[in-house]
Amino acid sequence: MTSAAPALDAPAPRTHPVDQVPPPGRLTVLSVQHVLAFYAGAVIVPLLIASGLGLSAEDTIHLINADLFTCGIATLIQSVGFWKVGVRLPIIQGVTTTAVSPIIAIGLAATGGEGGREGLPMIYGSVIVAGLFTFLVAPYFARFLRFFPPVVIGTVLTTMGITLLGVSAGDITNYAEGAPATRDIAYALGTLGIIVVVQRFFRGFLGTIAVLLGLVVGTGVAVLLGDTSFSGVSEASAIGVTTPFYFGIPTFSLTACLSMIIVMLITMVETTGDVFAAGEIVGKRIRRRNISEAIRADGLSTLLGGVLNSFPYTCFAQNIGLVRLTRVQSRWVVAGAGALMIVLGLLPKAGAVVAAIPAPVLGGASLALFASVALVGIQTLSRVDLTDNRNSVIVGTSLGLAMLVSFKPDIAAVFPSWAQVFVSSGVTVGAITAIVLNLVFFHIGRQHGAKVATTTAGERIGIEEVNAMDRETFVTTFGSLFNGASWPLDHAWESRPFADAPALRAAIEDAVLAAEPTAQDALVAAYPDMATLLTADEAQAGAISQDVGSFALENLTDGDVEEIRELSARYAERFGLPFVAFLGRTDSFRQIIEDGVRRLDHSVAQERRVALGEVVEIAGDRFGIMVADANPVGSAWARKFESLQ
């Protein structure tokens, strides 16, 4: 046993960039930037809903102000947080576009297709129930992610984007009977053209507000040509507070509530991805409890939205992109933006300005937004193995039924009244079809014939083929799980037959943990220490490790390199082993250092167990990658969150 060396001094505690508060002037400017990047996406949802339901200008202004006010509260809940609510990252909350089509469908169904404010109480009843549902299921949601693989999410997003284009078309033509006016088409195409030009020729902040610029320029031209006016601004009150249940006491419909719950399930998946992305950008590891905190915030904000005359809430991805772009990671900047939105929500004149946007201008902007939603869906489907007939059936059937309802909405009339909320929306029909077919094809009896490995020849094989392998073939197939050691696989082979992939993985792990100490130490010694791994260039890293490191470990300073080398040397001196650690996708350099310093205080016996556990984690990660390569359908969604860039 080697003698103990003095422990490395613990690094002085420092405030993570996420928790740092910029000076007041800088904080204000950065918060305003977030509001500007967010504003167009925030106000367009109540505008679209108001347009789809045929609401008056006064009601539209109230929806906009209620939306902004509640957005501010929701952002504070998410970024500042309390108890187990709020992820405490620089994330802005906004109304999800996923809810637009179902909300319009609920409102129209509640009024017999007439629209108007009379349908809003049923909408808000469903929003309240969906918010409460989201809050309650947040701790358990991670278990349901497997029911929302890319084939489901991609289908839903594609359907959503395509069906919402019908709303854009109505705005672009100004809901004209027959041929639309030439000027209306010109407004829409001009607005769309400005958005495209800004996105093509501008970068940075201006690029993030392309939609806002399109709306501003398009509306400005309409004012000059006399096609709109801001007379409503002078008529609007200077100060206004959105009161709970402004449009009446909520009413509740089972089908409406179920429809909105489906929206929130999809929104929970989107929030999960956004939180992982935000954590990656700011260098914070995201754990299951963080996802629960973020989803609880979504649920509470959605519940408040139903009370305060707004709609379902989720994380806004464009502001996460702004965090990456500006490298300003402070959550207090986002909290400042939330406070500004509350102020804007108390100013009805701001809502009146937005309500003055001509419908064709709004249609041109929404066309760009909804087309981008469809594009995200197509990108998601591009990661799906569509050569698998099961996936192609799911996508084709779901899209077909969704388009059928979208092109012929009168089909809903042949169904009972309780079912019309479901079948009157192409998004809802497509989502339900994709979810149900995914369950039928991949979860009912999914254990039979599942592919659990890929042979050296690239052939996908199932658990039956693994059980039939001789020892040599088994060791060769799974040889990449460990660095320079085959004995764990020799021992695991003796545990055949395996019931499924988890049983196979458990047998391999048990073989390592039950081995002789000398064999275990030799296994750990075959791995590179952290100094070697983290300071290697890309070519060297590929030669010494097959694992994917954390994206947050780039751009190490000379001081960082010296620190990790000193820590690795101290570790080797104390324990006689390399400093080995499993790198999660969201581990930061500072977390690795702090973990290593903590491990230096272990006894030699305890650290041997910890180091061996890290090797088992690495092997488990490699096993997951191997199984994913063999069965991409079953694991693509889980891997999506491990490769956000």
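Residues numbered from 1 in each chain as written. Predicted model: local features only at pLDDT ≥ 70, side-chain atom pairs only at ≥ 80, totals over all residues. Heavy atoms only, no water.

A. Quick look at the overall build of the protein chain. Secondary structure assignment for the protein chain yields 29 helices and four strands. The contacts in the protein chain between residues at least 6 apart in sequence include a share of 81% that link residues at least 24 apart. Surface exposure of the protein chain reaches about 27500 Å², of which carbon and sulfur atoms provide 61%. (Helix = DSSP H or I, 4+ residues; strand = E, 2+ residues; numbered from the N terminus. Contact = heavy atoms within 4.5 Å. Areas by Shrake-Rupley, 256 points an atom, 1.4 Å probe, with all protein chains shown as cover.)

B. Seen up close, the nonpolar core. Counting residues in each nonpolar core, the largest one holds 91 residues, and the members touching the most others are Leu89, Ile123, Met260 and Phe311. By residue number, the principal contributor to this core is helix H10 (residues 254–282), which donates 13 residues. With residues near it in sequence (within four places) discarded, Ile123 still touches Leu53, Ile103, Ile106, Gly107 and Phe311. Formed by 47 residues, the second largest nonpolar core is a distinct cluster that contains Ala485, Met530, Leu534 and Phe579. (Core = buried A, V, L, I, M, F, W, Y, C linked by side-chain atoms within 4.5 Å. Buried < 20%, exposed > 50% of the residue type's maximum accessible area, 1.4 Å probe, protein only.)

C. Region of the structure containing a nonpolar patch on the surface. A grouping of Val216, Val217, Val221, Leu224 and Leu225 is seen on the molecular surface, where their side chains present a nonpolar patch of about 460 Å² in accessible area. Within the secondary structure, Val217 is located in helix H8 (residues 210–224). By relative accessible area, Val217 is classed as partly exposed at 38%. (Patch = residues over 30% accessible without salt bridge, like charges linked within 9 Å, V, L, I, M, F, W, Y side chains within 5 Å. Salt bridge = Lys/Arg side-chain N within 4 Å of Asp/Glu carboxyl O.)

D. Quick look at the packing of aromatic side chains. Applying the stated rule across the entire model yields seven aromatic pairs. Between Phe474 and Phe478, the ring centres sit 5.0 Å apart and the planes meet at 50°, which makes this aromatic pair tilted. The two residues Phe474 and Phe478 agree in class, both being buried. When the centroid spacing of 6.1 Å and the interplanar angle of 20° are considered together, the rings of Phe474 and Phe498 count as stacked. (Phe/Tyr/Trp six-rings, centres within 6.5 Å; stacked < 30°, edge-to-face > 60°.)

E. The arrangement of the packing of helix H16 (residues 389–407) against helix H18 (residues 426–442) in detail. Running from amino to carboxyl end, H16 crosses H18 at an angle of 160°, the nearest separation of the two axes being 8 Å. With respect to their mutual orientation, H16 and H18 come out roughly antiparallel. Helix-helix and strand crossings are classified by hand; for H16 and H18 the assignment is right-handed. In this structure, H16 contributes Arg390, Asn391, Val393, Ile394, Thr397, Ser398, Leu401, Ala402, Val405 and Ser406 to the contact, and H18 contributes Gly426, Val429, Gly430, Thr433, Ala434, Leu437, Asn438, Phe441 and Phe442. Tallied by class, the residues present in the contact of H16 with H18 amount to ten nonpolar, eight polar and one charged. (Axes fitted to C-alpha atoms, helices over the stretch in contact; angles between N-to-C directions. Parallel < 35°, antiparallel > 145°, perpendicular 65-115°, else oblique. Left-handed = near helix turned anticlockwise from the far one by under 90°. Nonpolar A, V, L, I, M, F, W, Y, C, P; charged D, E, K, R; others polar.)

F. Expanded view of the environment of Asp529. One can find Asp529 in the loop between helix H23 (517–525) and helix H24 (530–535). Along the chain, Asp529 and Phe579 lie 50 residues apart, while their C-alpha atoms are 4.7 Å from each other. For Asp529, the residues in contact, after removing those within four places along its chain, are Ser568, Pro578 and Phe579. One polar contact links the side chain of Asp529 to the main-chain amide nitrogen of Thr532, over a distance of 2.8 Å. (Polar contact = N/O pair within 3.5 Å; in protein donor to acceptor, adjacent residues only side chain to side chain.)

G. Broad picture of the environment of Gly576. One can find Gly576 in the loop between helix H26 (558–575) and helix H27 (589–600). Taking C-alpha positions, Gly576 is 9.9 Å from Arg608, a pair spaced 32 residues apart along the chain.

H. Quick look at the side chain of Thr302. Along the chain, Thr302 falls in helix H11 (residues 288–307). Filtering out sequence-adjacent residues up to four positions away, Thr302 remains in contact with Val127, Gly131, Met264, Phe311, Pro312 and Tyr313.

I. Here's a closer look at unusual backbone geometry. Note the cis peptide between Arg496 and Pro497, where omega equals 0°. With respect to the secondary-structure elements, Pro497 resides in the loop between helix H21 (487–493) and helix H22 (501–513). Positioned with a positive phi, Asn309 is a non-glycine residue whose angle comes to about 70°. Secondary-structure assignment places Asn309 in the loop between H11 and strand S2 (313–315). A residue is classified by how much of its surface remains accessible, and Asn309, at 0% relative accessible area, is buried.

J. Expanded view of the side chain of Thr111. The residue Thr111 is located in the loop between helix H3 (100–110) and helix H4 (120–137) in this model. Since its relative accessible area comes to 15%, Thr111 is described here as buried. The contact partners of Thr111, leaving out residues within four places of it in the chain, are Glu118 and Gly119.

K. Spatial organisation of the pattern of salt bridges. For the structure on display, the rule yields twelve salt bridges. With a shortest N-O distance of 3.5 Å, Glu494 and Arg471 are connected by a salt bridge. In this pair, Glu494 is assigned in the loop between H21 and H22 and Arg471 in helix H20 (residues 471–477), connecting sequence segments 23 residues apart. With a relative accessible area of 52%, Glu494 lands in the exposed category. Classification of Arg471 as partly exposed rests on a relative accessible area of 30%. Two residues, Asp521 and Arg608, come together in a salt bridge whose shortest N-O distance is 2.9 Å. Taken together, the residues Asp521 in helix H23 and Arg608 in helix H28 (residues 604–630) connect sequence positions 87 residues apart. Here Asp521 falls in the partly exposed class, since its relative accessible area comes to 27%. On the accessibility criterion, Arg608 (23% relative accessible area) is partly exposed. Connected through shared salt-bridge partners, Asp595, Arg598, Arg599 and Glu607 make up one network.

L. Expanded view of the environment of Phe133. Note that Phe133 resides in helix H4. Beyond its immediate stretch of four places on either side in the chain, Phe133 contacts Ile261, Leu265 and Met268.

M. Highlighting the packing of helix H2 (residues 57–79) against helix H13 (residues 331–345). Where H2 contacts H13, the axes come no closer than 7 Å and their chain directions differ by 155°. By the angle class used here, H2 and H13 are roughly antiparallel. Considering the relative orientation of H2 and H13, their crossing is left-handed. Together, Asn65, Leu68, Phe69, Cys71, Gly72, Ile73, Thr75, Leu76 and Ser79 of H2 and Arg331, Val334, Ala335, Gly338, Met341, Ile342, Leu344 and Gly345 of H13 make up the contact between the two elements. Counted by class, the contact of H2 with H13 contains ten nonpolar, six polar and one charged residues.

N. Layout of the confidence of the model for the protein chain. The share of residues in the protein chain with pLDDT of 70 or more is 80%, and the mean pLDDT across the chain is 78. Mean pLDDT values over the elements of the protein chain span from 45, in helix H29 (residues 632–640), up to 92, in H4. Residue range residues 1–8 is modelled with pLDDT below 50. Its contacts to residues more than four positions away, or to other chains, number 17 contacts. Counted against residues more than four places away or in other chains, residues 547–553, with its pLDDT under 50, gives 26 contacts. (pLDDT = per-residue confidence, 0-100.)

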